[in-house]
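Now for the letters of each chain:
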Amino acid sequence: MAPAAEPAEVGIGYLFSVRGLEPLALAEVPAENDGRAGAELGIEDNNTTGQFLNQHFTLEVAELAEGADPAAAVGGLAQQGIGYLVADLSADELLAVADAASQAGITVFNIGAPDDRLREADCRANVIHVAPTRSMLADGLAQYLVWKQWRRWLLVEGSHPEDKLLADAYRRAAARFGAEIVEERRIEDTGGARQTDSGVVQIQGRIPVLTQEAPDYDVLVAADESEVFAAHLPYRTWDARPVAGSAGLMPTSWSPAHGQWGALQMQSRFGKRFSRPMTERDMLAWTAVRLVGEATSRTNSTEPAMVEAFLKGPELGLGAYKGQKLTLRLWNLQVRQPILLTDGRVIVSVSPQQGFLHEVSELDTLGIDQPETACRLP
């Protein structure tokens, strides 16, 4: 009897960098393996199917240190046989890694950078974007607010560049769906301790002053991606109004509160494996790894050309516990996906909302649509 052939090896890398400040909410300090745990679970799921197809998946984790050469990091992973790279990086880091990965024949899956420019003027043919864009998140929230007839918004923006990009996404969403921004305000990050013993007293007096004397509005929309002030807004505004955006009702691609469409089983399985809730970053990493697994199993091949053709073809449809299968926008390689709206404890709604129609897919009402795109892929 001839010995069984060795399984075909599929190497997936996970490259991350440490970014951002510690969250304002102590309950939201990320675990050390945030994101990576999702990738590990994705590898296990890939191998469950792969054992029947004589395919075996491995995960190599690497950190891109501050100031490190992205090309060197990619080269090191390439030497280990990595053909696919899950990247949890900033926008500039991602571009540098993508260009180096292109030279090495590596496909990159972006799970960390929501910047629309990465799917538009700075798009790359070897980067598949699993993370939703700021415009997708803003559109998902805007659709719900408009559906609720909360059309008059007070927009409060932070002072960091990422906050401005997020505020721009909300301005675009308001114009797109018929909301009105009645006034804009800006809160400067003056530094200082993010958690202090006297903080509650100071904040309770400061936030109402910052939001008083505004024109009549239905909802305060906060653009605070840097997490400087938004968590302090709910229940402290001068007027009794709901808060949405970076606090209150928040748009996201995943939440530990999500339990529909089989997500409860996914959450339970993740919790038993890692003894903590499954975060958005975990789910994005799991999705990226599973996209590779789905392509290799459906094609019964580990050849990069066949895998790429399937990922960019019409048969791709990954179940991700969000009510409909995920597909790819071929014009900019953004993964289509519903946007969850959560207050942190429950899922309030899921966008796209009913009544927001599209000739191809209602999911394309979220974010920049094909007629608007500036991406020109080869």
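Up top you'll find the structure we're talking about.
This one's a predicted model, so the numbers in the text were calculated from it and none came from an experiment.

### Notes on the sheet that holds strand β8 (residues 219-223)
Item 1. The sheet built from four strands is open, its strands ordered β7-β6-β8-β9 with parallel pairing. Among the strands making up the open sheet, the edge pair consists of β7 (180-186) and β9 (243-245). Averaged over all adjacent pairs, the angle separating strand axes in this sheet is 30°, with direction ignored.
Item 2. Pairing of strand β6 (residues 152-157) with β8, which is carried by five bridges, proceeds in the parallel orientation. When the sheet's bridge partners are listed, Glu 157 is paired in β8 with Ala 223.
Item 3. Sheet contacts for helix α5 (residues 161-177): β6, β7, β8 and β9; angle to β6, the most-contacted strand, approximately 165°.

### So, the environment of Asp 189
Item 1. Along the polypeptide, Asp 189 turns up in the loop between β7 and α6 (199-210).
Item 2. On the accessibility criterion, Asp 189 (28% relative accessible area) is partly exposed.
Item 3. Taking the C-alpha atoms as reference points, Asp 189 and Leu 137, 52 residues apart in sequence, are found 23 Å from one another.
Item 4. Beyond its immediate sequence surroundings of up to four residues, Asp 189 is in contact with Ser 159, His 160 and Val 228.

### Overview of unusual backbone geometry
Item 1. The omega torsion of the bond from Ser 351 to Pro 352 falls at 15°, within 30 degrees of zero and hence cis.
Item 2. Inspection of the secondary structure puts Pro 352 in the segment after β14 (347-351).
Item 3. For Gln 149, which is not glycine, the phi dihedral falls at a positive 65°.
Item 4. Residue Tyr 321 is not a glycine yet carries a positive backbone phi of 60°.
Item 5. With respect to the helices, strands and loops of the structure, Tyr 321 is situated in the loop between α9 (304-311) and β11 (328-329).

### Considerations on the packing of aromatic side chains
Item 1. Enumeration according to the criterion identifies five aromatic pairs in this entry.
Item 2. Ring geometry for Tyr 14 versus Phe 16: centroids 6.2 Å apart, planes at 40°, classification tilted.
Item 3. One cation-aromatic arrangement involves Arg 241 over Tyr 217; the distance from NZ or CZ to the ring centre is 5.6 Å.

### A short note on the side chain of Thr 365
Item 1. With respect to the secondary-structure elements, Thr 365 resides in the segment after β14.
Item 2. Filtering out sequence-adjacent residues up to four positions away, Thr 365 remains in contact with Asp 139, Gln 143, Arg 176, Phe 177, Pro 352, Phe 356, Leu 357 and His 358.

### Quick look at the pairing of strand β13 (residues 339-342)
Item 1. Residues Ile 339 and Leu 341 point to one face of β13 and Leu 340 and Thr 342 to the other, with burial holding for every one of them.
Item 2. Taken together, the three bridges between strand β10 (residues 250-252) and β13 define a ladder with antiparallel strand orientation. Residue pairing across strands places Met 250 opposite Thr 342, the latter belonging to β13.
Item 3. Summarising the sheet, β13 and β14 pair through four bridges and their orientation is antiparallel. If you follow Leu 340 over to β14, its bridge partner there is Val 350.
Item 4. Here β13 folds back onto β14 in antiparallel fashion, the turn holding four residues, of which Gly 344 has a positive phi close to 100°.

### Observations concerning α9
Item 1. Looking only at α9, the buried set comprises Val 307, Phe 310 and Leu 311. Each buried residue of α9 lies within a common arc of 100° when the element is viewed along its axis, so the set occupies one face.
Item 2. Packed against the buried residues of α9 are β3 (82-88), β4 (107-110), β5 (127-129), α8 (280-299) and β11.

### A closer look at the environment of Ala 138
Item 1. Here Ala 138 shows up in helix α4 (residues 134-147).
Item 2. Taking the C-alpha atoms as reference points, Ala 138 and Tyr 170, separated by 32 residues in sequence, lie 5.4 Å from one another.
Item 3. For Ala 138, the residues in contact, after removing those within four places along its chain, are Ala 169, Tyr 170 and Ala 173.

### Describing the side chain of Thr 299
Item 1. In this fold, Thr 299 is placed in helix α8.
Item 2. Within the local environment of Thr 299, its side chain forms a polar contact with the backbone oxygen of Ala 295, the two atoms lying 2.7 Å apart.
Item 3. If near-sequence neighbours (up to four positions away) are discounted, Thr 299 is found in contact with Met 306 and Phe 310.

### Description of the pattern of salt bridges
Item 1. All chains considered together, the criterion is met by 29 salt bridges.
Item 2. Between Arg 134 and Asp 115 there is a salt bridge; the shortest N-O distance is 3.3 Å. In this pair, Arg 134 is assigned in helix α4 and Asp 115 in the loop between β4 and β5, connecting sequence segments 19 residues apart.
Item 3. By relative accessible area, Arg 134 is classed as buried at 4%.
Item 4. On the basis of relative accessibility, which here comes to 10%, the residue Asp 115 falls in the buried class.
Item 5. For Arg 329, the salt bridge goes to Asp 364, with nearest N and O atoms at 2.8 Å. Here Arg 329, found in strand β11, pairs with Asp 364, found in the segment after β14; they are 35 residues apart in sequence, far enough to count as distant. There is no split in this pair, since Arg 329 and Asp 364 are both buried.

About the thresholds
- Residues numbered from 1 in each chain as written.
- Predicted model: local features only at pLDDT ≥ 70, side-chain atom pairs only at ≥ 80, totals over all residues.
- Heavy atoms only, no water.
- Pairing = 2+ DSSP bridges.
- Helix = DSSP H or I, 4+ residues; strand = E, 2+ residues; numbered from the N terminus.
- Axes fitted to C-alpha atoms, helices over the stretch in contact; angles between N-to-C directions.
- Contact = heavy atoms within 4.5 Å.
- Buried < 20%, exposed > 50% of the residue type's maximum accessible area, 1.4 Å probe, protein only.
- Phe/Tyr/Trp six-rings, centres within 6.5 Å; stacked < 30°, edge-to-face > 60°.
- Lys NZ or Arg CZ within 6 Å of the ring centre and 35° of its normal.
- Arc of directions from axis to C-beta.
- Polar contact = N/O pair within 3.5 Å; in protein donor to acceptor, adjacent residues only side chain to side chain.
- Salt bridge = Lys/Arg side-chain N within 4 Å of Asp/Glu carboxyl O.

Everything listed is a geometric property; what it means functionally is a separate question.
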